[in-house]
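Each chain, letter by letter, is given below.
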Amino acid sequence: MSSEFYSFTLELGNGEKKSMSEYSGKVVLIVNTASECILTPQYEGFQKLYKKYKDAGLEILAFPCDQFAHQEPGTDEEILQFCKVNYGVSFPVSRKINVNGKNTDPLYKYLKKEVKTRFGTSIKWNFTKFLVDRTGKPVKRFKPETLPEELETEIEALL
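Now for a quick tour of the structure. Just so it is clear, the model here is predicted, and its values are computed rather than measured.

The next thing to look at is the pattern of salt bridges. A full pass over the atoms with the stated rule returns 9 salt bridges. One salt bridge connects E4 with K113, and the closest N-O pair in it is separated by 4.0 Å. You can see E4 sitting in the segment before strand 1 (9–11) and its partner K113 sitting in helix 3 (residues 106–114), a full 109 residues away along the chain. Among the residues examined, E4 registers a relative accessible area of 40% and is labelled partly exposed. Notably, a salt bridge pairs K18 with E22, separated by 3.4 Å at the nearest N-O pair. Note on E22: relative accessible area 46%, which makes it partly exposed.

Here it is in structure tokens:
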């Protein structure tokens, strides 16, 4: 599996670095998140999906981002604490990143290039989701309003 996806590094909110190659052979759901967004309760749905499908090979990666209406103002530590305390999140949460603009995180540059929408490549809002198959190929992008439970059929098909 020599997908470009596996060449990226994930820097967690606690400072730990992980190679994306650690997720080789898994289905990965990537989402840009925010703690003060009307869509923030989606964390609960992501945690349910994670618990249900983790052992079958699903990984969920949250990427906090403060580029939309300043809805993720906290530090990396505060964001991690918020996710654990309020939603029991046990999947990885990255350090805060940019998903648009000149400082776009390299992983997001790649995802946006690989899975375009008819409206262009930029991320429009918090909780945009990307689904990556077991070979590291980004296969689908979902709009922010798409609820985690609505992704279940797509995830099952890739598992």
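From this point, the narrative continues.
Within the element layout of this structure, Q47 appears in helix 1 (residues 42–53). In this structure Q47 comes out as buried when scored by relative accessible area, which is 8%. Residue contacts for Q47: discarding those within four places in its chain leaves Y87, G88, V89, S90 and F91.

Our focus in this paragraph is the sheet that holds strand 5 (residues 129–132). Spatial ordering of the open sheet is given by 4-3-5-6, a layout of 4 strands whose pairing is mixed. Sheet topology places strand 4 (58–64) and strand 6 (138–142) at the edges, where each strand pairs with a single neighbour. Geometrically, the sheet is characterised by an average inter-axis angle of 20° between neighbouring strands, direction not taken into account. Bridging between strand 5 and strand 6 involves 4 bridges; their strand directions are antiparallel. Looking at the pairing, L131 lines up with K140 of strand 6. Against the sheet, helix 1 touches strand 3 (27–33), strand 4 and strand 5, its axis set at about 155° to strand 4. Sitting on the sheet, helix 3 is in contact with strand 3, strand 4, strand 5 and strand 6, with an inclination near 110° to strand 3.

What counts and how
Residues numbered from 1 in each chain as written. Predicted model: local features only at pLDDT ≥ 70, side-chain atom pairs only at ≥ 80, totals over all residues. Heavy atoms only, no water. Salt bridge = Lys/Arg side-chain N within 4 Å of Asp/Glu carboxyl O. Helix = DSSP H or I, 4+ residues; strand = E, 2+ residues; numbered from the N terminus. Buried < 20%, exposed > 50% of the residue type's maximum accessible area, 1.4 Å probe, protein only. Contact = heavy atoms within 4.5 Å. Pairing = 2+ DSSP bridges. Axes fitted to C-alpha atoms, helices over the stretch in contact; angles between N-to-C directions.

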